[in-house]
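Observations on chain architecture
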Amino acid sequence: MRLIAIQSFKKGAWGKLDFIVPFDWENDVVPATAEIQFGKMFSSRIGAYVDGLFGVGGDKPYDWGVGAGLRISY
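Everything in this summary refers to the structure shown in the same document.

Looking only at helices and strands, one finds zero helices and five strands in the protein. At 15 Å, the protein has a C-alpha radius of gyration far larger than the 11 Å of a compact globule built from 74 residues. In terms of principal-axis extent, the alpha carbons of the protein reach across some 45 × 20 × 20 Å. In the protein, the proportion of contacts linking residues at least 24 apart, taken out of those at least 6 apart, comes to 26%. As presented, the protein carries roughly 5600 Å² of accessible surface, and 62% of it is formed by carbon and sulfur atoms.

What follows is the structure, given as structure tokens:
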């Protein structure tokens, strides 16, 4: 199962929630994860964003992580 929600804000900003719930049939576990992203476009072609990554539940594949990225529209 996967749920993606994207919200646009004023002045070229956005927020995204990506919740992923796979089921491992062989090991009978659910290694769920969530990603929260906030970003802003500085021009019509270039923007930047930050990510927060989180493992969810008892079978999480990782605890947490953060990242930053550059968005280029071509």
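Summarising the element assignment, Q37 is placed in strand β3 (residues 32-41). Residue classification places Q37 among the buried positions, given a relative accessible area of 10%. There is a polar contact of 2.9 Å between the side chain of Q37 and the side chain of W14. Here D51 takes part through its side chain, which lies 3.0 Å from a polar atom of the side chain of Q37.

Attention now goes to the environment of W14. Relative to the assigned elements, W14 resides in strand β2 (residues 13-20). Judged by its relative accessible area of 9%, W14 is buried. As a C-alpha pair, W14 and I36 span 22 residues in sequence and 11 Å in three-dimensional space. Dropping the residues within four chain positions of it, W14 is found in contact with Q7, S8, F9, Q37, F38, G39, K40, M41, A48, Y49 and R71.

Within this structure, the stated rule accounts for one aromatic pair. Ring plane angle 65° and centroid distance 4.4 Å describe the contact between F23 and W25, whose orientation is recorded as edge-to-face. Residue W25 is classed as exposed on the basis of its relative accessible area, which comes to 72%. The residue whose ring lies beneath R71 is W14, and the NZ or CZ to ring-centre distance is 4.8 Å.

Once that is clear, we can look at the side chain of D18. Tracing the sequence through the fold places D18 in strand β2. Reaching out from D18, the side chain makes a polar contact with the side chain of R2 at a distance of 2.6 Å. In contact with D18, other than residues within four places in its own chain, are R2, L3, I4, T33, A34 and E35.

Cut-off values and rules
- Residues numbered from 1 in each chain as written.
- Predicted model: local features only at pLDDT ≥ 70, side-chain atom pairs only at ≥ 80, totals over all residues.
- Heavy atoms only, no water.
- Helix = DSSP H or I, 4+ residues; strand = E, 2+ residues; numbered from the N terminus.
- Rg over C-alpha atoms; globule rule 2.2 N^0.38 Å.
- Contact = heavy atoms within 4.5 Å.
- Areas by Shrake-Rupley, 256 points an atom, 1.4 Å probe, with all protein chains shown as cover.
- Buried < 20%, exposed > 50% of the residue type's maximum accessible area, 1.4 Å probe, protein only.
- Polar contact = N/O pair within 3.5 Å; in protein donor to acceptor, adjacent residues only side chain to side chain.
- Phe/Tyr/Trp six-rings, centres within 6.5 Å; stacked < 30°, edge-to-face > 60°.
- Lys NZ or Arg CZ within 6 Å of the ring centre and 35° of its normal.

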